[in-house]
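Here are the chains, one letter per residue:
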Amino acid sequence: MSKLSYIEFIQIPTIEDLRGNLAFVQNDILPFELKRVYYLFDVPSTAFRGGHSHINQHEILIALSGSFDVILNDGNEKKSFLLNKPNIGLHIPKGIWRELENFSSGAVCLVLASDVFEEEDYIRDYNEFLNSK
């Protein structure tokens, strides 16, 4: 079975209010303990982000604003996901190659990570990624 069949969307709890909605993330809704938060912004529409996989780290990507495509690859199968809702996260487990593209104007990608930044956890060469499978 493909590892991509385990990719899941995470519903972020939301409080709806006429003055504006509120979404909140707590460790009890995540499939891992949150250790790091970062975000991508001002990404040109023609730019690509990602282009790596993680050996141990899991991530959840959320489109806080705008939209972008996330292309995931487990070494056998490739799938594309459109992220465009600030209350829906895409859980990417370890060992999945990811590429982000087609950023809309003003798009912001929030990343919730299961670990602190460690360069040793990244596989940045696609052929090395394929060899690790």
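The numbers attached to residues start from 1 for each chain and follow its sequence in the written order. pLDDT decides what is reported in this predicted model: residues at 70 or higher carry local features, side-chain atom pairs at 80 or more are listed and counted, and totals for whole chains, interfaces and linings draw on all residues regardless. Each side-chain value is worked out from all heavy atoms of the structure, with water and hydrogens disregarded.

### Thoughts on the pairing of strand β9 (residues 88-92)
Inference 1: For the exposure calls, accessible area comes from a 1.4 Å probe over protein chains only, and a residue counts as buried if that area is under 20% of its type's maximum, exposed if over 50%, partly exposed in between. Only runs of H or I of at least four residues qualify as helices and only runs of E of at least two qualify as strands under DSSP, and these elements are numbered from the N terminus. Summarising burial for β9: 4 of the 5 residues are buried, a large majority.
Inference 2: One requirement defines pairing of two strands: DSSP has to find at least two bridges between them. Across 4 bridges, the pairing between strand β6 (residues 59-65) and β9 is antiparallel. Bridging across to β9, Glu-59 finds its partner in Ile-92.

### A short note on the environment of Cys-109
Inference 1: Within the secondary structure, Cys-109 sits in strand β11 (residues 108-113).
Inference 2: Note on Cys-109: relative accessible area 0%, which makes it buried.
Inference 3: The sequence separation of Cys-109 and Asp-42 amounts to 67 residues, and the corresponding C-alpha distance is 9.9 Å.

### Re the side chain of Asp-121
Inference 1: Considering the arrangement of structural elements, one finds Asp-121 in the loop between β11 and β12 (122-123).
Inference 2: Think of it this way: Lys and Arg go in the positive column, Asp and Glu in the negative one, and His and the chain ends go nowhere. Salt bridges are defined as contacts in which a side-chain nitrogen from Lys or Arg sits within 4 Å of a carboxyl oxygen from Asp or Glu. Of the side chains bearing the opposite charge, Arg-36 lies closest to the buried Asp-121, which forms no salt bridge; the N-O distance is 6.8 Å.
Inference 3: With sequence-adjacent residues up to four places away left out, Asp-121 is seen in contact with Ser-53, His-54, Ile-55, Asn-56 and Gln-57. Note on contacts: a residue pair qualifies if any of its non-hydrogen atoms lie within 4.5 Å across the two residues.

### Some remarks on the nonpolar core
The tendency in soluble globular proteins is for nonpolar side chains to be buried as a group.
Inference 1: If you look at the biggest cluster of nonpolar residues, it comprises 19 residues, and the most contacted ones within it are Leu-61, Phe-68, Val-70, Leu-72, Leu-90, Leu-100 and Cys-109.
Inference 2: Only β6, β7 (68-73), β8 (78-83), β9 and β11 provide two or more residues apiece to this core.
Inference 3: Ranked by residues supplied to this core, first place goes to β7 with 3 residues.
Inference 4: When near neighbours in sequence (up to four residues on either side) are disregarded, Leu-90 contacts Ile-7, Glu-8, Phe-9, Glu-59, Ile-60, Leu-61, Val-70, Leu-72, Phe-81 and Leu-83.
Inference 5: Counting residues in each nonpolar core, the second largest holds 8 residues, with Ile-10, Ile-12, Ile-60 and Leu-112 among its members. We define the nonpolar core as a collection of buried residues of types Ala, Val, Leu, Ile, Met, Phe, Trp, Tyr and Cys that are connected through side-chain atoms lying within 4.5 Å of one another.

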